[in-house]
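# Architecture at a glance
What follows is each chain in one-letter form.
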Amino acid sequence: MNIFALTTSYTFEFTLIAMLAASAYFILERYKLSNEYKSISTLAFLTTFLAVIEYYNMREFFSLSNLDKPNINYPTEYRYVTWFIATPIMLYTFFVISKIYKTNKIIVSIALSLNFSMIVSGYFSESSFSNNTMPLYFSYTMFIIGFGSWLGILYIFNFMLPKEIEKSNVNGKIHIKNCLSLVNKFIVYGWAIYPLGLIISFYDSSVETALTREIIYNFGDLFNKVGFSLTCFLCAARLSKNT
């Protein structure tokens, strides 16, 4: 049995179970949030449960019998459809906690637009390269657009949002600042996992590299979706004690 196939399958199963557990946690612990912040529980649940649906639909692909085949069609579309829906929910979750969605809708609109650009261009980059449907420069161009969109999101969360929070009159400002600090780390380091998975595919098209990319995506989904949502949920729980 190929060690890459074995690791890919086991990390997939682990991520699926963890996402399911996180989804149950966000619902069962909802009572800890005040009415003002119960929507955070809903948004956190949607983020992880969408991944549960995605991974459930991909389960046959990640079976050991399928991964051991010489020719595999990778479930790229499943991943990007979920990312297209889940990542804006993740960003919007913080906007709800910080009340930015009320005080500065322009920042919210720009951040979500950049997010959509990042996911869509990332999909066309990976899909066109994997299926060899477009010239190589097209894949690279789409990658650059997606990477630039990600940098735009980083700028908003690292430079614009701290100023907006500082001048706001929101309750529990210290908790929101701490939440933003942690959320920034997910966006900087956690989201960097995904372009890394794509970059290694550009330089090596072997089966082992493709499986390594899938392992990176599995861990990336687990780290980012659960970690980001849990950070916002715990922040909402602290803020609920002050209301």
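Preceding this section is the structure that the text describes.
Heads up: these notes are all about the structure in this document. What you see is a predicted model, and the numbers here were worked out from it, not measured in a lab. (Residues numbered from 1 in each chain as written. Predicted model: local features only at pLDDT ≥ 70, side-chain atom pairs only at ≥ 80, totals over all residues. Heavy atoms only, no water.)

### A word on the packing of aromatic side chains
Scanning the model with the defined rule gives 22 aromatic pairs in all. Ring centres of Trp 83 and Tyr 217 lie 5.3 Å apart, and the angle between their planes is 85°; this geometry places the pair in the edge-to-face category. Taken as a pair, Trp 83 in helix 4 (residues 76–98) and Tyr 217 in helix 10 (residues 207–240) lie far apart in primary sequence, 134 residues in all. As far as burial versus exposure is concerned, Trp 83 and Tyr 217 are alike and both buried. In textbook terms, an aromatic cluster arises when at least three aromatic residues are bridged by ring pairs, as seen for Tyr 80, Trp 83, Tyr 123, Phe 124, Tyr 194 and Tyr 217. Between Arg 59 and the ring centre of Tyr 56, over which it is positioned, the NZ or CZ distance is 3.7 Å. (Phe/Tyr/Trp six-rings, centres within 6.5 Å; stacked < 30°, edge-to-face > 60°. Helix = DSSP H or I, 4+ residues; strand = E, 2+ residues; numbered from the N terminus. Buried < 20%, exposed > 50% of the residue type's maximum accessible area, 1.4 Å probe, protein only. Lys NZ or Arg CZ within 6 Å of the ring centre and 35° of its normal.)

### Considerations on helix 7 (residues 136–167)
Structural remark: α-helix, 3.6 residues per turn; residues separated by three or four positions point the same way. Spanning 32 residues, helix 7 covers 46 Å between terminal C-alpha atoms, matching the ideal 46 Å at 1.5 Å per step. Of all the bends in helix 7, the greatest, near 40°, is centred on Met 160, and the proline Pro 162 appears no more than four residues after it. (Expected span 1.5 Å × (residues − 1). Bend = angle between axes of the 7 residues up to and from the residue.)

### Brief notes about the environment of Ile 176
Checked against the element boundaries, Ile 176 lands in helix 8 (residues 173–190). Remark: the alpha-carbon pair of Ile 176 and Arg 59, spanning 117 residues in sequence, is separated by 37 Å.

### Remarks on helix 10
Between its first and last C-alpha atoms helix 10 spans 49 Å; for 34 residues at 1.5 Å apiece the expected length is 50 Å, and the two agree. Of all 34 residues that make up helix 10, 26 are buried, and the element is covered over most of its length.

### Details of the pattern of salt bridges
Two side chains bearing opposite charge may form a pair once their charged atoms approach each other closely. A full pass over the atoms with the stated rule returns 10 salt bridges. Glu 36 is paired through a salt bridge with Lys 99; the nearest N and O atoms lie 2.9 Å apart. Within this pair, whereas Glu 36 is found in the loop between helix 1 (3–28) and helix 2 (38–57), its partner Lys 99 is found in the loop between helix 4 and helix 5 (100–103), the two being separated by 63 residues in sequence. Looking at Glu 36, the relative accessible area reads 38%, which means it is partly exposed. For Lys 99, a relative accessible area of 14% gives the class buried. Between Lys 177 and Glu 166 there is a salt bridge whose closest N-O contact spans 2.5 Å. Here the residue Lys 177 occupies a position in helix 8, and Glu 166 occupies one in helix 7, the gap between them amounting to 11 residues. In the salt-bridge network here, residues are joined through shared partners; they are Glu 54, Arg 79, Glu 126, Arg 213, Glu 214, Asp 221 and Lys 225. (Salt bridge = Lys/Arg side-chain N within 4 Å of Asp/Glu carboxyl O.)

### Regarding a nonpolar patch on the surface
A surface patch of nonpolar side chains, about 480 Å² in accessible area, is lined by Val 81, Phe 84, Ile 85, Phe 116, Val 120 and Phe 124. Looking at the nonpolar patch, the elements with two or more residues in it are helix 4 and helix 6 (105–131). Position of Val 120 among the secondary structure elements: in helix 6. (Patch = residues over 30% accessible without salt bridge, like charges linked within 9 Å, V, L, I, M, F, W, Y side chains within 5 Å. Areas by Shrake-Rupley, 256 points an atom, 1.4 Å probe, with all protein chains shown as cover.)

### Some words on the nonpolar core
Within the largest apolar cluster, 65 residues are counted, with the highest numbers of intra-cluster contacts made by Phe 94, Phe 95, Phe 157, Leu 161 and Ile 187. Listed by contribution, the elements that provide at least two residues to this core are helix 1, helix 2, helix 4, helix 6, helix 7, helix 8, helix 9 (193–203) and helix 10. No other element matches the 11 residues that helix 10 contributes to this core. With residues near it in sequence (within four places) discarded, Phe 95 still touches Ile 100, Tyr 101, Val 108, Ala 111, Phe 157 and Leu 161. (Core = buried A, V, L, I, M, F, W, Y, C linked by side-chain atoms within 4.5 Å. Contact = heavy atoms within 4.5 Å.)

### Quick word on the environment of Phe 116
Considering the arrangement of structural elements, one finds Phe 116 in helix 6. For Phe 116, a relative accessible area of 32% puts it in the partly exposed group. Taking the C-alpha atoms as reference points, Phe 116 and Tyr 203, 87 residues apart in sequence, are found 26 Å from one another. With residues up to four places along the chain from it excluded, the contact list for Phe 116 reads Phe 84 and Pro 88.

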